[in-house]
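Residue-level structure breakdown
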Amino acid sequence: MNNDCVFCRIVRGELPCYKVYEDNDFLSFLDIRPLSRGNCLVIPKKHVKWVYDVENFGDYFEVAKKVGLAAQKAFNSKWISFLTLGLEVPHAHIRVIPRYEKDLHGPVVDINVFEKFNEGEMQKIADKIKENL
Ligand SMILES: [Zn+2]
């Protein structure tokens, strides 16, 4: 755990999030700068910098897949993009991005182009993904 890390603070419950999934090792919540409807982040609860530092790497991606398929089902998305960059927040995270024919991106997701949903909409989006898990 890292005291200043935003994601560690979410894991500890010090910062709020729109949670969609949680187990002993992983947590998933909506990205507050959603690249598309249903865009979630999946993080390990343990603070590690890179996605490939996660010990149970296979389990980690299984969680991302589970969350992605739930979001796809919830919003009838065409496909799901999984993106890892790692430089924005120094705590491993997989971006799970449901894609739509008419979303804000072309073939490649542009992480500087995001949608705006109000709090009520964000909560509804999180709830709908949870219902489809
Ligand atoms: Zn952290």
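For the rest of this paragraph, the subject is the pattern of salt bridges. Overall, the coordinates contain 10 salt bridges when judged by the stated rule. Between R12 and E14 there is a salt bridge, and its shortest N-O distance comes to 2.7 Å. A single salt-bridge network, built from bridges that share partners, covers R9, R12 and E14.

The next point concerns unusual backbone geometry. Within the chain, N76 stands out as a residue other than glycine whose phi angle is a positive 55 degrees. N76 gets classed as exposed once you look at its relative accessible area, which sits at 67%.

Moving on, we get to the coordination of the zinc ion. The protein atoms that coordinate the zinc ion are C5 (SG), C8 (SG), H47 (ND1) and H91 (ND1), at distances spanning 2.0 to 2.3 Å. Around the zinc ion sit 4 donor atoms; with metal-centred angles ranging over 103 to 117 degrees, the donor geometry is tetrahedral. As a motif over one chain, the donors of the zinc ion read C-x2-C-x38-H-x43-H. Here the residue H47 occupies a position in the loop between β3 (40-44) and α2 (57-75), and H91 occupies one in the loop between β4 (79-83) and β5 (94-99), the gap between them amounting to 44 residues. Residue class for H47 comes out partly exposed when judged on its relative accessible area of 23%. The buried category is assigned to H91, whose relative accessible area is 0%.

Quick look at the sheet that holds β3 now. The strand order across the open sheet built from 5 strands is β1-β2-β3-β5-β4, with neighbouring strands paired in antiparallel fashion. Every other strand in the sheet has two partners, leaving β1 (19-22) and β4 as the edge strands with one partner each. The average undirected angle you get between the axes of adjacent strands in this sheet is 20 degrees. With respect to the sheet, helix α3 (residues 119-131) is in contact with β1, β2 (26-30) and β3, its orientation differing from that of β1 by roughly 35 degrees.

Here is what the cut-offs are and how they apply
- Residues numbered from 1 in each chain as written.
- Predicted model: local features only at pLDDT ≥ 70, side-chain atom pairs only at ≥ 80, totals over all residues.
- Heavy atoms only, no water.
- Salt bridge = Lys/Arg side-chain N within 4 Å of Asp/Glu carboxyl O.
- Buried < 20%, exposed > 50% of the residue type's maximum accessible area, 1.4 Å probe, protein only.
- Donors = N, O, S within 2.8 Å, 3.2 Å for Na, K, Ca; no water.
- Tetrahedral: all angles 85-135°; square planar, octahedral: opposite > 155°, others 65-115°.
- Helix = DSSP H or I, 4+ residues; strand = E, 2+ residues; numbered from the N terminus.
- Pairing = 2+ DSSP bridges.
- Axes fitted to C-alpha atoms, helices over the stretch in contact; angles between N-to-C directions.
- Contact = heavy atoms within 4.5 Å.

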